[in-house]
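# Examining the three-dimensional arrangement
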Amino acid sequence: MSAEGVPAFEPYPVPTDPREAEPDPEAGRTMSLMSAFVLEDGRLWGECALPFQRADAEAIISRTGGARQMILRARGMSKTTDIGAVALALLLSEAPAQSRSYAYAVDQGQAALMHDAVLGLIERTGLARLVDVKATTVTVKATGATLSIEASDGASAYGLKPWLTIADELGMWPATENHRRLWGAIVSAVPKVPGSRLVAIGHAGPPSGLGAEVWNRAQASPHWRTVKTPGPSPWWTPQEIAATRADLTPSEWRRLIECEFAEGDDALTTAEDVEACIRVGDATLPPKSTRDYVASLDIGTRRDLSAFAIGHTESREAGRTVVIDKVLYWRPGKGIGNRVDLTEVEASVLRLCREYHVDRLRFDRMMAEQLIGNVMRAGVKVEEFVFSSAGAARLARSLHVALRDRAIELPDDEEIRSEALTVRMVETTPGMIKMSNPPGTHDDVLTAIGMVVADLVSQPEVGAGSIWSPAGYDRTTARARPLTDAGTPRASLMHPAYNRPIRGPLAAVYTAGRNQSEAERRAGFGLPVPGTANDPTRR
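Computed from a predicted structure; not experimentally measured.

Here is what the cut-offs are and how they apply
Residues numbered from 1 in each chain as written. Predicted model: local features only at pLDDT ≥ 70, side-chain atom pairs only at ≥ 80, totals over all residues. Heavy atoms only, no water. Helix = DSSP H or I, 4+ residues; strand = E, 2+ residues; numbered from the N terminus. Expected span 1.5 Å × (residues − 1). Buried < 20%, exposed > 50% of the residue type's maximum accessible area, 1.4 Å probe, protein only. Polar contact = N/O pair within 3.5 Å; in protein donor to acceptor, adjacent residues only side chain to side chain. Pairing = 2+ DSSP bridges. Axes fitted to C-alpha atoms, helices over the stretch in contact; angles between N-to-C directions. Contact = heavy atoms within 4.5 Å. Parallel < 35°, antiparallel > 145°, perpendicular 65-115°, else oblique. Nonpolar A, V, L, I, M, F, W, Y, C, P; charged D, E, K, R; others polar. Core = buried A, V, L, I, M, F, W, Y, C linked by side-chain atoms within 4.5 Å. Salt bridge = Lys/Arg side-chain N within 4 Å of Asp/Glu carboxyl O.

The next thing to look at is helix 11 (residues 342-355). For helix 11, with 14 residues, the first-to-last C-alpha span of 20 Å sits near the 20 Å given by 1.5 Å per residue. All of the buried residues along helix 11 are Val-345, Ser-348, Val-349, Leu-350, Leu-352 and Cys-353. Among the residues of helix 11, the N-terminal cap falls to Asp-341, whose side-chain oxygen and the backbone nitrogen of Thr-343 are separated by 3.1 Å. At the exit of helix 11 stands His-357, carrying a positive phi of roughly 50 degrees.

Structure representation (structure tokens):
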């Protein structure tokens, strides 16, 4: 059905003969064609498009407001699908013969998404006989008009005469020399071809990015149509909106959802959240054999601290909680050349890893290569925490969310309080953040805690399980001895894979499994197999 208050476009008959796909100068026909495109859910674009989608499509197709348009939309508001549909409709109905059109995405991944969106529209709508689709191009067979989809980080537009140019996710284009050169070539090519169009679409990014510069200039220019449609997306449920807000930092919400070019510099947490996460009384929790511990080590020598943290997770009434059992840190000392005594650090790390039976020790290879090698040779399992852009962003987000949701329990320590209230999250590249500390302050203890949090929250929660051990299993020779007890069942079952009878202990296991109720199976109860360690009659 049509959106409330918005009449549906008259369905456009899909051409079945390539000769019928000749360019049509009337924008109405192009809109009718676009309205007949079939979406992923089986509905037609014209049946479900909302007013802001129709207004943008009509403005691009009819060139309302000029040949240059910049559209800001929040995440989840059909940017890629709509701009792909506009490009395909124009290519089929209006693009001149042998014309060349180009779509530049922010990176290879986004270029692939746009290509997939266009390909999906072609296949679902039955247009495959009219176009030739390659890895990066879509060509109309009857006219030779071509749309090339490329990544902005490796493209060159000088010398091209595009009939249609799309700059996808322009708000996220960095202000690098390569992207500035590409944008200059794109803008200067618009007057070369009569009737050409330039469309920049995406959500907002950092104020220092190329997209912010273009948006500010376009708003002040009479030659540009600019429009902003902030979110949240009208298709999101209240639960999805709440979950998305919970996963984003305040500046990310402003950029991605509210379409504001906001600086990505946010406080990691608040004083209230820190105090709510502090464990009163016990600075250190003793090890327990029933817990799985993860440790981390962040090495500093001259100006920074060296920090070590141990933690585990618990399922509590409020949800899954990361508990930091112990934190140690060392400051550079005057007696050893203003350096941290790494011999003491190594001894303490090794002792505590053994004491807590640590499953794995996470570390930064750049600073702790030799020390970690010694610890590893002593029998401790180590795993590097890679501090790439993605790794640093994962650490910062995990710690920010845990503190904000009060899903972490911290030792009562003034260094933790001080770092938590001074560390900020800064944007390194579009969409990537990291923790940063002002001059004269530290973030080493929080970095160690953050490695533990990032590791633990990435692990799935493990539910109840069961294990059984045949009473006749010889652990020494690792072979199963036949049972001779009179009570041993001799059920004759057929093995589903080998098509042969099953006898002895394995037959008892199969029988017990068949007799187990669904409730017992979901609860993870062990199988009460006669003649095994799980046999209740043997207890």
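Now that the structure is up, let's keep going.
In this section: the sheet that holds strand 8 (residues 224-229). The strand order across the open sheet formed by eight strands is 3-4-5-2-6-7-1-8, and the pairing between neighbours is mixed. Strands at the two margins of the open sheet, each flanked by one partner only, are strand 3 (131-133) and strand 8. Within the sheet, the average angular offset between the axes of one strand and its neighbour, ignoring direction, is 15 degrees. Where strand 3 meets strand 4 (residues 137-140), three bridges bridge the pair, whose relative direction is antiparallel. Pairing of Asp-132 across the sheet is with Thr-139, part of strand 4.

Let's shift gears to the side chain of Thr-146. Locating Thr-146 in the fold gives a position in strand 5 (residues 146-151). In terms of polar contacts, Thr-146 uses its side chain to reach the backbone carbonyl oxygen of Gly-144, at 3.2 Å. Ignoring any residue separated from it by four or fewer positions in sequence, one finds Thr-146 in contact with Leu-91, Ser-99, Arg-100, Ser-101, Thr-137, Val-138 and Thr-139.

This next bit is on the packing of helix 13 (residues 389-404) against helix 15 (residues 444-457). Helix packing for two helices is described by the angle between their axes and how far apart those axes are. It is the contact of helix 13 with helix 15, at a shortest axis distance of 8 Å, that shows an interaxial angle of 85 degrees. When the axes of helix 13 and helix 15 are compared, the pair comes out roughly perpendicular. Taken together, the residues of helix 15 that come into contact with helix 13 (itself represented by Arg-394, Leu-395, Ser-398, Leu-399 and Ala-402) are Leu-446, Thr-447, Ile-449, Gly-450, Met-451, Val-453, Ala-454, Asp-455 and Val-457. Grouping the constituent residues of the contact of helix 13 with helix 15 by class yields nine nonpolar, three polar and two charged.

All right, on to the pairing of strand 12 (residues 319-330) then. Inspection of the sheet shows strand 11 (residues 306-316) paired to strand 12 by 11 bridges, in the antiparallel sense. Residue pairing across strands places Thr-313 opposite Val-322, the latter belonging to strand 12. Where strand 11 hands over to strand 12, the hairpin turn is made up of two residues, counted between the paired strands.

Turning next to the nonpolar core. Among the nonpolar cores identified, the biggest contains 43 residues, and Met-34, Phe-37, Trp-45, Leu-88 and Leu-92 are the most heavily contacted of them. With nine residues, the top contributor of residues to this core is helix 4 (residues 79-93).

In this structure, the amide linkage connecting Gly-231 to the following residue, Pro-232, adopts the cis form with an omega of 5 degrees. You can see Pro-232 is positioned in the loop between strand 8 and helix 8 (238-247). Its identity as a non-glycine residue notwithstanding, Arg-406 has a phi of 55 degrees, on the positive side. Counting through the fold element by element, Arg-406 comes out in the loop between helix 13 and strand 15 (408-409).

Positionally, His-115 belongs in helix 5 (residues 108-125). According to the relative accessible area criterion, His-115 is buried, its value standing at 13%. From its side chain, His-115 meets the backbone oxygen of Ala-135 in a polar contact 3.3 Å long. Apart from residues no more than four positions distant in its own chain, His-115 is found in contact with Val-133, Lys-134, Ala-135, Thr-136 and Ile-149.

So, about the pattern of salt bridges. Pairing is possible between side chains that carry opposite charge, provided their charged atoms lie close to one another. Taken as a whole, this structure holds 26 salt bridges when the rule is applied. Residues Arg-73 and Asp-82 are paired through a salt bridge, measuring 2.9 Å at the closest nitrogen-oxygen approach. Assessed through its relative accessible area of 1%, Arg-73 is described here as buried. You can call Asp-82 buried: its relative accessible area is 4%. Between Arg-279 and Glu-409 there is a salt bridge, with its nearest N and O atoms 2.8 Å apart. A residue pair is termed long-range when its members are at least 10 positions apart, and Arg-279 in the loop between helix 10 (271-277) and strand 10 (294-298) and Glu-409 in strand 15 qualify at 130 residues.

Honestly, that's just the spatial picture; any functional story needs more than this.
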